[in-house]
Amino acid sequence: MGLRIGIIHNQEEKSIRVLQRLRGLLAKKDDLEIVDRNPELVITIGGDGTLLSAFHRYNHRLDEVRFLGVHTGHLGFYTDWRDYELPELVNSLSEEQGKSVSYPLLDVVLTTIDGEKKHFLALNESTIRKGSRTMVADVYIKEELFERFRGDGLAISTPTGSTAYNKSVGGAVVHPSINAMQLAEIASLNNRVFRTLGSPSIIGSHEWIDVRLKGNEQHLITIDQLDINRKGITSIKYKIAEERIHFASYRHMHFWHRVKDAFIRED
């Protein structure tokens, strides 16, 4: 039996063509096997959104599966290979099986007014908002009240997610080797009456954040691509997860090279 490979792709025309070419190249390798169940390596074809979908599909098997992305559009933070590099990619799978690099994940627990708890993992980030009205929440760090937040919302991100929405609200870009999460405020109210820290905070892996919402009102919680829009959520607890995501490191791109390509380099 060879390396068991699962493939997940988006429905773009270019991605479908890449899928067909990749399947043909893999079929020529005796030590590589395309499977529908229990893969050891998941190859995604598309962009970061496709890889996020794959992560949530296999997040119950993170100790057993590695991920590798082929991007068919703009350069992404989770996709290392271009569509025209498929022969080199397939050859590398045969020659260097087993190597990986891991990144931290966000552990999220939602508690409802009736005591129900729901558990999630996030690769990128989670946000909390209250629609068009000001959100009021008490932010606890490691069981100690840190601040009463008033504003549009809060964003909690992993290091890899620090380049996503977190960056757009003024958060810092954090290298994924740092096992921490980031708390960023979204348009906080700061005046003589109301006061918050007003700047991003890096929270270590030995600490946790507990956001306790005020009132039984409608809130929108996002966890990567998942939207939860409902009443009755009393608190959301965040910490660095015990699980980690593993990326195949056949040619894993340097993080700061990704940052430069995404935000600085001019075409």
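Look above for the structure.
Fair warning: this is a prediction, and the values are worked out from it, not measured in the lab. (Residues numbered from 1 in each chain as written. Predicted model: local features only at pLDDT ≥ 70, side-chain atom pairs only at ≥ 80, totals over all residues. Heavy atoms only, no water.)

### Quick word on the packing of helix α1 (residues 13-27) against helix α3 (residues 86-95)
- Where α1 meets α3, the closest approach of the two axes is 10 Å, and the angle between their N-to-C directions is 40 degrees. With respect to each other, α1 and α3 are oriented oblique. In this structure, α1 meets α3 at a crossing whose hand is right-handed. Contacts from V18, R21, L22, L25 and L26 of α1 reach α3 at L86, P87, V90 and L93.
- Of the residues in the contact of α1 with α3, the class split is eight nonpolar, no polar and one charged. (Axes fitted to C-alpha atoms, helices over the stretch in contact; angles between N-to-C directions. Helix = DSSP H or I, 4+ residues; strand = E, 2+ residues; numbered from the N terminus. Parallel < 35°, antiparallel > 145°, perpendicular 65-115°, else oblique. Left-handed = near helix turned anticlockwise from the far one by under 90°. Contact = heavy atoms within 4.5 Å. Nonpolar A, V, L, I, M, F, W, Y, C, P; charged D, E, K, R; others polar.)

### Quick look at the pairing of strand β15 (residues 226-230)
- Here strand β14 (residues 219-223) pairs with β15 via five bridges, running antiparallel. Bridge pairing in β15 places L220 opposite N229.
- In sequence, β14 turns back onto β15 through a hairpin of two residues, with D224 there showing a positive phi of about 55 degrees. (Pairing = 2+ DSSP bridges.)

### Topic: the packing of aromatic side chains
- Under the criterion given, the structure shown has three aromatic pairs.
- Residues Y78 and F247 carry aromatic rings whose centres are separated by 5.7 Å and whose planes lie at 10 degrees to one another, so their mutual orientation is stacked. Of this pair, Y78 sits in the loop between β4 (66-71) and β5 (81-82) while F247 sits in strand β16 (residues 233-248), and the two are 169 residues apart along the sequence.
- Here Y78 falls in the buried class, since its relative accessible area comes to 2%.
- The structure contains a cluster of three or more aromatic residues connected by ring pairs, namely Y78, Y103 and F247.
- We note K167 situated over the ring of F263; from NZ or CZ to the ring centre the distance is 4.3 Å. (Phe/Tyr/Trp six-rings, centres within 6.5 Å; stacked < 30°, edge-to-face > 60°. Buried < 20%, exposed > 50% of the residue type's maximum accessible area, 1.4 Å probe, protein only. Lys NZ or Arg CZ within 6 Å of the ring centre and 35° of its normal.)

### Re the side chain of E185
- Within the secondary structure layout, E185 lies in strand β11 (residues 180-188).
- At 8.7 Å, R195 is the nearest oppositely charged side chain to E185, a buried residue that forms no salt bridge.
- In this structure the side chain of E185 is engaged in a polar contact, spanning 2.9 Å, whose partner is the side chain of T196.
- A polar side-chain atom of E185 sits 3.3 Å from the main-chain amide nitrogen of G198. (Lys, Arg positive; Asp, Glu negative; His and termini not counted. Salt bridge = Lys/Arg side-chain N within 4 Å of Asp/Glu carboxyl O. Polar contact = N/O pair within 3.5 Å; in protein donor to acceptor, adjacent residues only side chain to side chain.)

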